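Coordinates in review
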Amino acid sequence: MLVCPLTLELLLTDSPAEQKGQPLTPQTSKTSSVPLKKCEPIDDERTVTPQRLKWELHCRKSSMNSSAEVVVIKVFPSSVVSNPKMSWIREGELNLLERISANILMAGPMPKHVAFIMDGNRRFAHKKNMERHDGHMQGFNKLAETLLWCKHLNIPEVTVYAFSIENFKRSKEEVDGLMELARQKFEKLLEEQENLEKHGVCVRVLGDLNMLPLDLQQVIAKAVIMTKNHNKCFLNVCFAYTSRYEITNAVREMASGVEQGLIKASDVSEALLSECLYSNNSPNPDLLIRTSGEVRLSDFLLWQTSHSCLVFQSVLWPEYSFWNLCEAVVQYQLNHKSIQKARELHLEEQALQQLEADCACVAEHLQHQGNGKPADAQRRQEALRHYTTAREARVQDFLQSLKRKRDSFFTDLCSETVLT
Ligand code: FPP
Ligand code: MG
């Protein structure tokens, strides 16, 4: 008896070459000139016994009216089943070896925020002789599995690149398939309210939702609103996202703030720009992982990862394992000290820049007031304190108004008027 739950896909073939005893792999079947008759996979998770196998073969051959002599059986572990009902939230424990390794790893500094470029779904599909869309489905399943590993490793925040604005240039079939996958998965998320609450999962979607079909925008908005007060772990799904678009959008928001008189041009700073990004609610990622051997950031979190540990791994995303994640965390730990140092230096530099900018504004103001006469040190100090307090209040008001605008985008999407 096969011990773990499996999914089977049966391929029937009449190929004479294969009947003559050549190895029966999906690859040999694919290269033969005889078309395969593909059956639906067995997609439940019952344990497969030899008796059940025989029975499935019998039923499927007769239902396809096939005279095939040869049957190729592709067997996938249940973790990679293309099941639209597969959840984002997995339950389950690590095995003993994984638990021991996790504990050793967690004795060192752990990343609190990990970002993933989940690359290699289509290459995986090609390698396994599957449909492209199944590669993406399995990519989703791997995401759910990875979130469970992150939970066991006490990593409370994960950001994933699920759909780049560049991905709109792919074939209509693939784009539609990815939209449908997202629709199914966000609908599934809505059904899991209790579980999300139990685990305190807050799901955010970063990107320009206007680029998406309206029904998908609405289901995303519902999921985001439903989980917005959860605060134990955070999943940021970058969808219709690129970093340059995000930065440009942030610059536009600041320009519009200046135009409306909410902020002054001199209030524009690195720190303010960070607050205007879609990612403003999250700390910067400590670790960014890209799979599939590509060594580019592909317009993902360019602003946020200047002091992150970047790890490029050759494994294709659907084949990502707990051990791959551990290896990336070890890379982070080896670089932790220098990352921390660089971050501290950068923060100091940012504070200094802000102080210099405030001093320059105050000096100009005092010069104007005193008709060019220099002010004494005490007066300069007082004016600086006053100016800094006023600037901080102005910036906070501006950010509040930006937050209200963004929140109402989501609430409007869920409101009756848009739904009808
Ligand atoms: C990159 O692999 C992957 C994508 C463009 C899509 C990623 C999407 C998922 C993993 C599903 C997540 C879905 C939700 C709803 C969060 P690729 O297509 O570039 O593959 P390749 O590099 O082998 O060509
Ligand atoms: Mg790719």
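Residues numbered from 1 in each chain as written. Chains lettered and ligands numbered in written order. Predicted model: local features only at pLDDT ≥ 70, side-chain atom pairs only at ≥ 80, totals over all residues. Heavy atoms only, no water.

We apply this condition: UniProt positions are given in the numbering used here, feature names are shortened, and annotations may be inferred rather than shown by experiment.
Listed under Pathway (unreviewed entry) in UniProt, the entry text for the protein chain is "Protein modification; protein glycosylation." Taken verbatim from the UniProt record of the protein chain, the Cofactor (unreviewed entry) comment is "Mg(2+)".

**Overview of the environment of Thr159**
Defined as follows: Runs of H or I in DSSP of at least four residues are treated as helices and runs of E of at least two as strands, each being numbered from the N terminus. The classification of residues rests on relative accessible area computed with a 1.4 Å probe and restricted to protein chains. Under 20% of the type maximum is buried, over 50% is exposed, and intermediate values are partly exposed. The contact criterion used throughout is that any non-hydrogen atoms of two residues lie within 4.5 Å.
Locating Thr159 in the fold gives a position in strand β5 (residues 157–164). In this structure Thr159 comes out as buried when scored by relative accessible area, which is 2%. Sequence separation between Thr159 and Leu288 is 129 residues, and the spatial gap between their C-alpha atoms is 9.0 Å. Beyond its immediate sequence surroundings of up to four residues, Thr159 is in contact with His113, Val114, Ala115, Phe116, Asn236, Cys238, Phe300 and Leu301.

**Focus on the environment of Phe312**
Within the secondary structure, Phe312 is located in strand β9 (residues 309–312). On the basis of relative accessible area, Phe312 is assigned to the partly exposed category, the value being 33%. Here the alpha-carbon distance between Phe312 and Val295, two residues 17 residues apart in the chain, equals 6.1 Å. Here Phe312 is in contact with Arg290, Glu294, Val295 and Arg296, once residues within four sequence places are set aside.

**A look at the packing of helix α9 (residues 214–227) against helix α13 (residues 377–414)**
As a reminder of what qualifies: Only the contacting stretch of a helix is used when fitting its axis, a line to C-alpha atoms as for every element, and angles between N-to-C directions run 0 to 180 degrees. By convention, the crossing between two helices is left-handed when the near helix turns anticlockwise from the far helix through less than a right angle, and right-handed when the turn is clockwise. Amino acids are sorted into nonpolar (Ala, Val, Leu, Ile, Met, Phe, Trp, Tyr, Cys and Pro), charged (Asp, Glu, Lys and Arg) and polar (every other residue, Gly among them).
Remark: α9 packs on α13, axes separated minimally by 8 Å, with the N-to-C direction vectors making an angle of 115°. Note that α9 runs across α13; the crossing there is left-handed. Two secondary-structure elements touch here, α9 through Leu214, Gln217, Gln218, Ala221, Lys222, Val224 and Ile225 and α13 through Phe409, Phe410, Thr411, Leu413 and Cys414. Here the residues of the contact of α9 with α13 are counted per class, giving 8 nonpolar, 3 polar and 1 charged.

**Focus on the UniProt feature "coiled-coil region" (unreviewed entry) in the protein chain**
UniProt's entry tags residues 172–199 with the feature "coiled-coil region" (unreviewed entry), counted in the numbering of this structure. Helix makes up 96% of residues 172–199 and strand 0%, whereas the separation of the span's terminal C-alpha atoms amounts to 36 Å.

**Some points on the confidence of the model for the protein chain**
As a general rule, the predicted coordinates of low-pLDDT regions are not to be interpreted in detail. To keep it simple, the criterion reads: Each residue carries a pLDDT score, the predictor's own confidence in it, on a scale running from 0 to 100.
Here the protein chain averages 85 in pLDDT, and 79% of its residues register 70 or above. Low pLDDT (under 50) marks residues 1–47, which in the prediction has 119 contacts with non-local residues, meaning those over four places away or in another chain.

**Considering the packing of aromatic side chains**
Each aromatic ring pair is characterised by the separation of its centres together with the angle its planes make. Counted only if it meets this: Pairing of aromatic side chains requires ring centres within 6.5 Å, counting the rings of Phe and Tyr and the six-membered ring of Trp. Pairs whose planes differ by under 30 degrees are stacked, by over 60 edge-to-face, and all others tilted.
Per the stated rule, a full pass over the model turns up 13 aromatic pairs. Seen in terms of ring centroids, Trp88 and Phe140 are 5.1 Å apart; in terms of plane orientation they differ by 90°. Their pairing is edge-to-face. Placement of the pair is Trp88 in the loop between β3 (70–77) and α4 (96–105) and Phe140 in helix α6 (residues 132–152), with a sequence separation of 52 residues. Like Trp88, the residue Phe140 is buried in the burial classification. Here the aromatic rings of Phe322 and Trp323 are separated by 5.0 Å at their centres, their planes lie at 80°, and the arrangement is edge-to-face. On the basis of relative accessible area, Phe322 is assigned to the buried category, the value being 2%. Members of the aromatic cluster, connected to one another through ring pairs, are Trp88, Phe140 and Phe186.

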